[in-house]
Amino acid sequence: MRPLNLGDVARFVEGNISAFHNKRLDSLGKLKLHRILKRKNPYLFKAKNVLTAQDIIKGLLDAHISSQEETIFGDFLEQLAIFICEQVYGGTKSSAEGIDLEFEKDDVKYIVTIKSGPNWANSGQISNMITNFKKAERILKTNTPSRKIVAVNGCCYGRNRIQDKGEYLMYCGQKFWEFISGDRSLYTKIIEPLGHKAKEKNEEFMGQYAQIINSFTMEFASEFCDEGRINWERFVRFNSSIIPPSRSKKKNKSTGKL
C-alpha cells in the first residue's frame, strides 16, 4: 500500500473532467426533437395540465439531460476510482466481462464493479452482475484454486445498511472510497477538485441549452399547436400511432381540417 497523493488526484481530475463537460455539450448538439418526443409519455403532460410548448420541451429536455449526465459522470467517477486504486494498491482496469477494477489487499484479490449510486439495478441486473462475478472468479482461480477472491459492488455515492449480500459485498459512498484508497476522509477530499472550471463550463452548456429550448419550442409549436393551443391528439398520434402521421400540417381536402 502506498499513501495517496491528493495532488496527483487533483491533477487527474483537472486533466479529465473536461471530457465530462465536452460529452454533455456533444449530447445536446446531437439531440433531435422528434427522437425525444417519441421517448416520453404525452399522457403525463396532459394529466399535469401542461399548457405551453416551452414547458413540454423543457420537461423533455431536462429529463434527457438528467439521464445522460448520470451516465456520463458515472463513467468519469469510475475512471477516477480506478486511478486512485492504482496509486494506492496497484489496481488495474479489469478485462473481465462486467468487472471494472481488480486489485489485491491483505492477500485477497478483489474484483469490483463500479456504479454511481446504490439504486442502479433491478433483480435481473443484479443476477447478471453475480453471474459476471462468478465467471471472473472461475477464470482467476484456474491456476491458483486456493486463491481468496472477493466480489464487490462499489457505489460512488449514497449509503446502504447491509454490506454483505452473500455472494458479494456492497460498499457505498464513504465506505467505497475508503475501500479503494485506505483514506477514510477521501469522499470529502475529492469534492473541491471536481469543481475545476465548473462555472465556466456550465455557462457554456447553459448557453447551448437555451438555444435548444428556443429552437425546439418553435419546432413543436409549428407542428403540434393550432392557434397557440397544443393539439394533443396530433401529439399523441405522432408519439404512439402504429403508422405515425405526416409531420407536416396538411388540410383534409374534403373537410378542410388539419
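Calculation notes
- Residues numbered from 1 in each chain as written.
- Predicted model: local features only at pLDDT ≥ 70, side-chain atom pairs only at ≥ 80, totals over all residues.
- Heavy atoms only, no water.
- Helix = DSSP H or I, 4+ residues; strand = E, 2+ residues; numbered from the N terminus.
- Rg over C-alpha atoms; globule rule 2.2 N^0.38 Å.
- Contact = heavy atoms within 4.5 Å.
- Areas by Shrake-Rupley, 256 points an atom, 1.4 Å probe, with all protein chains shown as cover.
- Lys, Arg positive; Asp, Glu negative; His and termini not counted.
- Charge placed at Lys NZ, Arg CZ, Asp CG, Glu CD.
- Salt bridge = Lys/Arg side-chain N within 4 Å of Asp/Glu carboxyl O.
- Buried < 20%, exposed > 50% of the residue type's maximum accessible area, 1.4 Å probe, protein only.
- Core = buried A, V, L, I, M, F, W, Y, C linked by side-chain atoms within 4.5 Å.
- Patch = residues over 30% accessible without salt bridge, like charges linked within 9 Å, V, L, I, M, F, W, Y side chains within 5 Å.
- Pairing = 2+ DSSP bridges.
- Axes fitted to C-alpha atoms, helices over the stretch in contact; angles between N-to-C directions.
- Phe/Tyr/Trp six-rings, centres within 6.5 Å; stacked < 30°, edge-to-face > 60°.
- Lys NZ or Arg CZ within 6 Å of the ring centre and 35° of its normal.

### A few points about the overall build of the chain
Part 1: What the chain contains, in helices and strands, is 10 helices and seven strands.
Part 2: For 258 residues, the compact-globule formula gives about 18 Å, and the C-alpha radius of gyration of the chain, at 24 Å, lies well above that figure.
Part 3: With respect to the principal axes defined by its C-alpha atoms, the chain has extents near 80 × 40 × 30 Å.
Part 4: Look at the contacts in the chain between residues 6 or more apart in sequence, and 64% of them connect residues 24 or more apart.
Part 5: Accessible area for the chain stands at about 15,300 Å²; split by element, carbon and sulfur atoms hold 48% of it.
Part 6: Side chains of the chain carry 41 positive and 30 negative charges; the gap between the two charge centres is 8 Å.

### Examining the pattern of salt bridges
Part 1: According to the stated counting rule, one finds 16 salt bridges in the structure shown.
Part 2: Across the salt bridge formed by lysine 93 and glutamate 78, the nearest N and O atoms sit 2.7 Å from each other. Placement of lysine 93 in strand S1 (residues 92-93) and of glutamate 78 in helix H4 (residues 53-89) is noted, with a sequence separation of 15 residues between them.
Part 3: Judged by relative accessible area, which is 48%, lysine 93 ranks as partly exposed.
Part 4: Glutamate 104 is the salt-bridge partner of arginine 147, the closest N and O atoms lying 2.8 Å from each other. In this pair, arginine 147 is assigned in the loop between helix H5 (123-140) and strand S4 (149-155) and glutamate 104 in strand S2 (residues 101-105), connecting sequence segments 43 residues apart.
Part 5: Residue classification places arginine 147 among the partly exposed positions, given a relative accessible area of 26%.
Part 6: Overall, glutamate 104 belongs to the partly exposed group, its relative accessible area being 42%.
Part 7: Here the residues in one salt-bridge network are Glu78, Lys93 and Asp100, joined through shared partners.

### What about the nonpolar core?
Part 1: Leu80, Ile84, Val112, Phe176, Trp177, Phe179 and Ile180 are the most contacted members of the largest nonpolar core, which totals 34 residues.
Part 2: Elements represented by at least two residues in this core include exactly helix H1 (6-29), H4, S2, strand S3 (108-115), S4, strand S5 (169-172) and helix H6 (174-181).
Part 3: The leading source of residues in this core is H4, at 11 residues.
Part 4: Residues Phe45, Val50, Phe220 and Ile230 belong to the second largest nonpolar core, which totals 26 residues.

### Thoughts on a positive patch on the surface
Part 1: A contiguous patch of positive charge on the surface is contributed by Lys32, Arg35, Arg39 and Lys40.
Part 2: Structurally, the position occupied by lysine 32 is in the loop between H1 and helix H2 (33-37).

### A short note on unusual backbone geometry
Part 1: The phi torsion at asparagine 49 lies on the positive side, around 60 degrees, for a residue other than glycine.
Part 2: Following the sequence through the fold, asparagine 49 ends up in the loop between helix H3 (42-47) and H4.

### Description of the sheet that holds S4
Part 1: Judged by pairing direction, the sheet is mixed, and its five strands sit side by side in the order S1-S2-S3-S4-S5 without closing on themselves. Each having just a single partner strand, S1 and S5 make up the two edges of the open sheet.
Part 2: Here S1 runs beside S2; their pairing, made up of two bridges, is antiparallel. The partner of threonine 92 across the bridge, within S2, is glutamate 102.
Part 3: Lying over the sheet, H4 contacts S1, S2 and S3, oriented at roughly 25 degrees with respect to S2.
Part 4: Of the strands in this sheet, S2, S3, S4 and S5 touch H6, which is tilted by about 105 degrees from S5.

### A short note on the packing of aromatic side chains
Part 1: Counted according to the given criterion, the structure contains 15 aromatic pairs.
Part 2: Taken together, a centroid distance of 5.3 Å and an interplanar angle of 25 degrees make the contact between phenylalanine 103 and tyrosine 110 stacked. For the residue pair phenylalanine 103 and tyrosine 110, the accessibility class agrees, reading buried in each case.
Part 3: Taken together, the aromatic side chains of Tyr89, Phe103, Tyr110, Tyr171 and Phe179 make up a single cluster linked through ring pairs.
Part 4: One cation-aromatic arrangement involves arginine 24 over phenylalanine 205; the distance from NZ or CZ to the ring centre is 3.8 Å.
Part 5: Here the guanidinium or amino end of lysine 105 rests over the ring plane of tyrosine 110, the centre of that ring lying 5.9 Å away.

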